[in-house]
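Understanding the architecture of this molecule
In case you want the letters, here they are:
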Amino acid sequence: MSDQAEVELEARLEEQESFEPPASFVEQANVHDEGIRERFDEEWPECWTEAADLLTWDEPYEDVLDESDAPFYEWFTGGRLNASANCLDRHVEDGRKNQAAIKWEGELGETRTYTYGDLLNEVEAFAASLRELGVEEDDVVTLYLPMIPELPIAMLACARIGAPHSVVFAGFSADALATRMTAAESEYLVTCDGYYRRGDALNHKEKADKGLRGVEGDVETVVVDRLGDELNHFLGQHAHDYGDLVDEHEGTTVEPVSRDAEDMLFLMYTSGTTGEPKGVKHTTGGYLAYTAWTSRAVLDVEPEDTYWCAADIGWITGHSYIVYGPLALGTTTMMYEGTPDYPERDRLWELIEKNRVDIFYTAPTAIRSFMKWGTEYPERYDLSSLRLLGTVGEPINPRAWKWYYKHIGGESCPIVDTWWQTETGGMMVTTLPGVDTMKPGSAGPPLPGVDATVVDTGGEPVEAGEAGYLTVQKPWPGMLRTLYRNDERFLDEYWREYSDPDADEWVYFPEDGAKLDEDGYITVLGRVDDVINVSGHRLGTMEIESAIVGVSGVAEAAVVGGTHDVKGEAVYTYVILEDGQDPTESMRERVIEGVEDAIGPIARPEEVIFTPELPKTRSGKIMRRLLEDIASGAELGDTSTLRNPEVVEDIQAQVTED
Ligand code: WTA
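These numbers were taken from a predicted model, which means no experiment stands behind them.

Pairing geometry for strand β9 (residues 194–197) and strand β10 (residues 200–203), over four bridges, is antiparallel. Along β10, the bridge assignment pairs glycine 194 with asparagine 203. Count of turn residues in the β9/β10 antiparallel hairpin: two residues, of which arginine 198 carries a positive phi of about 50°.

See below:
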């Protein structure tokens, strides 16, 4: 293309506010029925049998939805099924034993492909191993593993024997592992010796061992040997080698345990308003039906596809859209161990070309990095195999959307901007790629059967053009059932704000702000609680604060998110030291270390700002909004209502200095 034509195209793209899905896409789309939302509304909740029908049930369910103990809703009650049988056995029985189920690429370029037959064999062997170690139905097994195939294998092995898994993101610290294992009373851990990051072998086992020292009682531990001789593969007490176990049980048949639809499939700890992570409980029938249905309807996954969600399985996106949804549909799901810029910034595009990837799903923060690196990297590769693109995790700015559309999708792939949460299990607000017009920056209308409504502070729906709070006014199959062993907190966190318990009217509040437009599209504005979103990772500011006040010499701390070009938000920490302590460089390092030890490098502060005082209102409340504005370099509003307006300038000067 000539430079001139290129410039004109850019200008046209920049102005274009809406995009139609390409006709070639629509023709082949899994869902192209324009009346689907109306139909789901009319048939609700029976519409969700469409999702349940994607699964194979051992016993049919009696009711689609049981609302008798709302908001403790139950879905597909009376039904029985096994998630691993749905993800593996039925595809093998369908004659697809030799189709690739997982295609894995290590950071150093090693590859492994597991067919559905291979995957089933290894899942059975590991399921038998877990049983031998004493794991029984309903025992929680913690999986502290990076992006290696043994992670989904262990998840499916747990599912096979009815043992809920609790995956702890490998980037989380030893302390974070210990907190989660203790909260779940988990007596089993699967981890590994180490893994690669930017070519370096990281010692993961050391972190796991440190975490285990913070857990009471004996924990049976299985260690995957990822690095071979790179690191000393020292097992220690109560530890077993994954490879030995699997070899020993090779060929063992493990019948999938028939689980009640409402039996727990897994727990996932996530950040909330208070310091303690919340154990989000997902069950077998509703979750699997919902992830399968949304994978099919929104990501347009077909069994013949090579599908790649470039998230980490340690977060909900990976659970729902690398493992359960895609495998339930019998597609080929890709996994990549490393970072997108190792050894070069073209790694992802190289993988797409090499594997002829059809569908690619990633986070806006990644797209903003790709933009920054420049178009020369994707331009080196043939990306024409792509049919659909997706984003998740945070709002996407229209510029990044358009860049993705043009430079990755070649202007011929629809983009789905999917809003959802750990708690929702699967996607909630997004366009249907074969049905809806796309509007960059706006996630889209609610999915069929999902009653997502933007309301004002009084709970009334807002008018078109107005902003308010996102709510979900009807239950959906993928929803969390409760917070593990904490029904009270479940009610408090999600249902108190807008529900009317006396009238038995229950409204779910996800803690996001949102705006409604004329066409009923929802633009998600971000969290309205103390959760921040750093590179698509959900972090609790309270958790970070408590880590900082745990550092000796620190008296008080406030943590906020400041806007960041690539990360979306970055961690800004305002720290008050105890009398007699100096704001030295080593103090700054200790604060950073304190956060990394308590949570992990993902929560590493962008800035540590020492201040003698925090800006407070006359009633003594910390003015967080002001701290956010300072961190974001935004114009500050009226500070005259502060008890101590003079501290603002001091703090501001420090931030701009850096
Ligand atoms: C944010 C990740 C805008 C939101 C699946 C939500 C988004 C939180 C989007 C959940 C999106 C997720 N547009 N914001 N498309 N997707 N979010 O639990 O604030 O890690 O509440 O689940 O991410 O984060 P979580």
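Following the structure, the description resumes.
Within the open sheet, the eight strands sit side by side as β12-β11-β8-β6-β7-β14-β15-β23. Their pairing is mixed. A strand with exactly one partner marks an edge of an open sheet, and here the two such strands are β12 (239–241) and β23 (482–483). As paired elements, strand β11 (residues 220–224) and β12 share three bridges and run parallel to each other. Paired with valine 223 across the strands is aspartate 241, a residue of β12. Of the strands in this sheet, β7 (165–167), β14 (264–270) and β15 (278–283) touch helix α12 (residues 316–329), which is tilted by about 145° from β14.

Right, let's talk about the environment of serine 384 for a bit. In this structure, serine 384 sits in the loop between α15 (376–379) and β19 (388–392). Spatially, the C-alpha atom of serine 384 lies 20 Å from that of glutamate 6, the residues being 378 residues apart in sequence.

Turning our attention to the domain arrangement of the chain. Domain annotation for the chain reports domain 1 (83–95 + 113–257) and domain 2 (530–657). The distance between the C-alpha centroids of domain 1 and domain 2 comes to 37 Å. Counting from both sides, the interface comprises seven residues of domain 1 and, opposite them, eight residues of domain 2. A buried area of about 500 Å², summed over both sides, lies between domain 1 and domain 2, and 52% of it is on carbon and sulfur atoms. Ranking the residues of domain 1 by area buried against domain 2 places Phe169, Phe172 and Ser173 at the top, with a combined share of 55%.

In the vicinity of the ligand lie 17 residues, with Asp417, Thr418, Thr422, Asp512 and Arg538 positioned nearest. One nitrogen or oxygen atom from the main chain of proline 395 is found 3.5 Å from a nitrogen atom belonging to the ligand. Of all the secondary structure elements, the ones that give two or more residues to the shell around the ligand are α12, β20 (415–418) and β25 (522–527). A class-by-class count of the residues in the shell around the ligand yields six nonpolar, six polar and five charged.

Per the UniProt entry, the sites bearing "domain: Acetyl-coenzyme A synthetase N-terminal" (unreviewed entry) are residues 37–87 in this numbering. A distance of 28 Å separates the end C-alpha atoms of residues 37–87, which is 31% helix and 20% strand.

Attention now goes to the nonpolar core. Counting 126 residues, the largest nonpolar core has Trp48, Phe76, Leu119, Phe126 and Tyr324 as its most contacted members. In terms of residue count, the dominant contributor to this core is helix α6 (residues 116–132) (nine residues). Not counting residues up to four positions away in its chain, the partners in contact with phenylalanine 76 are Trp48, Ala52, Trp57, Tyr61, Asp63, Val64, Ala261, Gly285, Gly286, Ala289 and Pro477. If you look at the next biggest cluster of nonpolar residues, it comprises 35 residues, including Val534, Leu539, Ile548 and Ala557.

A word on the environment of lysine 210. In this structure, lysine 210 sits in helix α9 (residues 204–213). You can call lysine 210 partly exposed: its relative accessible area is 43%. Note: C-alpha distance between lysine 210 and serine 173 (37 residues apart in sequence) is 9.2 Å.

Next up on the list: the pattern of salt bridges. With the rule as written, the count across this model stands at 42 salt bridges. Across the salt bridge formed by arginine 368 and glutamate 394, the nearest N and O atoms sit 2.9 Å from each other. Taken together, the residues span a long stretch of sequence, with arginine 368 in helix α14 (residues 364–373) and glutamate 394 in the loop between β19 and α16 (398–408) at a distance of 26 residues. Judged by its relative accessible area of 9%, glutamate 394 is buried. Each of Lys278, Glu423, Arg489, Glu493 and Arg538 takes part in salt bridges that share partners, so that together they form one network.

Rules of the game
Residues numbered from 1 in each chain as written. Predicted model: local features only at pLDDT ≥ 70, side-chain atom pairs only at ≥ 80, totals over all residues. Heavy atoms only, no water. Pairing = 2+ DSSP bridges. Helix = DSSP H or I, 4+ residues; strand = E, 2+ residues; numbered from the N terminus. Contact = heavy atoms within 4.5 Å. Axes fitted to C-alpha atoms, helices over the stretch in contact; angles between N-to-C directions. Domains from an automatic or database assignment. Buried area = accessible area lost by both parts, 1.4 Å probe. Near = heavy atom within 4 Å. Polar contact = N/O pair within 3.5 Å; in protein donor to acceptor, adjacent residues only side chain to side chain. Nonpolar A, V, L, I, M, F, W, Y, C, P; charged D, E, K, R; others polar. UniProt positions renumbered as here; feature names shortened; annotations may be inferred. Core = buried A, V, L, I, M, F, W, Y, C linked by side-chain atoms within 4.5 Å. Buried < 20%, exposed > 50% of the residue type's maximum accessible area, 1.4 Å probe, protein only. Salt bridge = Lys/Arg side-chain N within 4 Å of Asp/Glu carboxyl O.

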